[in-house]
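Here are the chains, one letter per residue:
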Amino acid sequence: MSTVETRPTASGAARADRPKRPNPWKQVTGSLVTAVIVVLCVVTVDAQWSRLSEAPGILGDYLRLMTRGVLQNPMADPNSEYWTKAFEYMVESLQMAWIGTLVGAALSFPMAFLAARNISPRPVVFVTRQILNVIRAIPELILAIAIMLPIFGLGPLAGALALGVGSVGTLGKLGSEAIEAVDPRPIEAVSATGARPLHVLAWGVLPQALPEIVALWLYRFEINIRAGAILGAVGAGGIGSILTQLFAARLWDRIGITLFIIIAVTVLVDQISAWVRHRIIAGGGKDLAAEAEALS
Amino acid sequence: MTATTSAAPARGRAMPPKPRRPWGLYAGLFVCAVITVWAAIGIDFTLGPLFSDLTRGQEVVAEFFRPDWEFAWRVREQWIETLQLAVVASFLGCLLALVLAHMASDVTAPPWMARTLKALLAVERSLPDVAWALLAVAVVGNGALAGILALFAFNVGVAAKLTAESVDAVDRGPVEAATAVGAGALQRAVAAVLPQVMPNFLSYSFYVFELNIRASLVIGLVGAGGIGQVIKTELSRFQYSHISAIVAVFIVVVFVLDQVSAWLRRRLI
């Protein structure tokens, strides 16, 4: 509205006021480069594209077999055993993910403070961030094969610890960003009372950043449930171990049951976790609003 | 704002009321503690081996510290295959995701469609990458095609979800303007929504590419092509010095890609 009033009334000048057409060369080169790379990859990749034509039929057959497995009476004799077995492995996956997330949370918590620019001196921030970046680049699978399985032996404990160390990278980085985003005024207020640095962290920074950080933990828990699936394939416990066995034996009805349980449990846990995350973050805001109301 | 409160005659009111005891929080912490104990017992949690059996893994770890760099170069074709899989799968996946995202948002699609599609995407995302890879290998056999299909299936859900959230958050003004001049659903999407979500979408595409590079390790382990397949063979032959060289290169590749894509994303948004 205000722009209309300040605009010159002469029609000749109005035309000059029009915004310039943006220069498209960036978009054009970007798209061209992408197109060339993609075409090059499609042409050179050693994929038997001809098999794609039969794929829908085969997939349809398998899906039919899988649904039959799911729809069979789950109380009948061999089936109930399949259901409980798949469920037990899924529970083990959840346990692995939970402990893994806790280990990751415990290890990343101090690192998040060391990597926050508003808390730590520059060199410390730089070094910690590089450490976190390197951890982030190592896949859980490698941690399991190279370190955890040789030390802790086959089983879910090795998987949980691989997930835990693997979580440190992202949790530390995102946690430090949450800490950097805190309001500096409470920190100033706490410092003004003559508090020591540790007290400033405990009363000025932590109350602000903790909801965000806990929400990150929960989010990582959701990711770890999925990430843990592959660890079973190398013997580190969880749903992945039974899944690879079933696929090797091509037991489609049992695969159907197992996939169904994975989907059901994962979606359920995701929903609960998302609800809790929402409560944690929005809950703090709501209390603040109530407090402001009480004050006015 | 503060002037009115400080000017209030009743001094006692200026003090915030003492917060009530957060019973909900206590209950939540209790539940978490119970879950933790249950999970710890379930997986036999102990840090004992760290002290007693730290040397048990010594041979493996020692092998890991003697990486065979020559081997990492010998399997260069698998490295290239990994990149090819990631490029093709990311491109196809993101393209489909862009369409699905428009169909999964209230802004550009009828509510019933948006809700159904969002639920379907949630189901799709709940299957881990290994499950997709196993399924793809079963359907089209070992090799690169299975890898492309598995990565594609795995990343469509992620990219579509993230983009749909951007579409949800779009400024409604241009959309209304497009509707007002009589634009159809497609025209509205292209003229009013797409320009707004494009920077976000491109940044998600890089993120998905990164995800695919990481996942290629997992995918290959069950026989769907790429560098993961090499790791699988070397693992069964206990050639840890080969694995460590590959892992080292892999970490460098992921690290570099991470930095490049972070730089690109900063430029886009």
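Quick caveat, the model's predicted, so the values are computed rather than measured.

K.L.:
Sorry, what's going on with the overall build of chain A here?
P.N.:
Across its full length, chain A carries 12 helices and 0 strands. Looking at chain A as a whole, 42% of its 296 residues are labelled buried. Put simply, of all contacts in chain A between residues at least 6 apart along the chain, 73% involve residues at least 24 apart. Total accessible area on chain A stands at roughly 16,400 Å², and carbon and sulfur atoms take up 65% of it.

K.L.:
Help me understand the overall build of chain B in this model?
P.N.:
Per the secondary structure count, chain B includes 13 helices and 0 strands. Seen in sequence order, chain B has helices and strands lined up from the N terminus as α-α-α-α-α-α-α-α-α-α-α-α-α. What you see for chain B is a C-alpha radius of gyration of 26 Å, clearly larger than the 18 Å of a compact globule of 269 residues, by over 25%. In terms of principal-axis extent, the alpha carbons of chain B reach across some 80 × 60 × 35 Å. Relative to its full complement of 269 residues, chain B shows a buried share of 45%. Counting only contacts in chain B whose residues sit at least 6 apart along the sequence, the fraction spanning at least 24 positions is 75%. With the model as given, the accessible surface of chain B reaches about 14,300 Å², and the carbon-plus-sulfur share is 68%. Distance between charge centroids for chain B: 13 Å, based on 21 positive and 18 negative side chains.

K.L.:
Is there a simple way to think about the confidence of the model for chain B in this case?
P.N.:
The predicted coordinates of low-pLDDT regions are not to be read in fine detail. Residues and elements named next belong to chain B. Residues at a pLDDT of 70 or more form 93% of chain B, whose mean pLDDT is 85. The weakest mean pLDDT in chain B belongs to helix α1 (residues 2-7) at 46; the strongest belongs to helix α6 (residues 76-103) at 92. Between residues 1-8, whose pLDDT stays under 50, and residues either more than four places distant or in other chains, the model counts 2 contacts. Our summary of model confidence lists the complex with pTM equal to 0.82 and ipTM equal to 0.82.

K.L.:
How should I be thinking about the state of the cysteines in this particular structure?
P.N.:
Any covalent bond linking the sulfur atoms of two cysteines counts as a disulfide. Taken as a whole and assessed by the stated rule, the structure comprises 0 disulfides over all chains. The closest cysteine sulfur to the non-disulfide-bonded C94(B) is located on C41(A), 14 Å from its own sulfur.

Conventions adopted
Residues numbered from 1 in each chain as written. Chains lettered and ligands numbered in written order. Predicted model: local features only at pLDDT ≥ 70, side-chain atom pairs only at ≥ 80, totals over all residues. Heavy atoms only, no water. Helix = DSSP H or I, 4+ residues; strand = E, 2+ residues; numbered from the N terminus. Buried < 20%, exposed > 50% of the residue type's maximum accessible area, 1.4 Å probe, protein only. Contact = heavy atoms within 4.5 Å. Areas by Shrake-Rupley, 256 points an atom, 1.4 Å probe, with all protein chains shown as cover. Rg over C-alpha atoms; globule rule 2.2 N^0.38 Å. Lys, Arg positive; Asp, Glu negative; His and termini not counted. Charge placed at Lys NZ, Arg CZ, Asp CG, Glu CD. pLDDT = per-residue confidence, 0-100. Disulfide = S-S within 2.5 Å.

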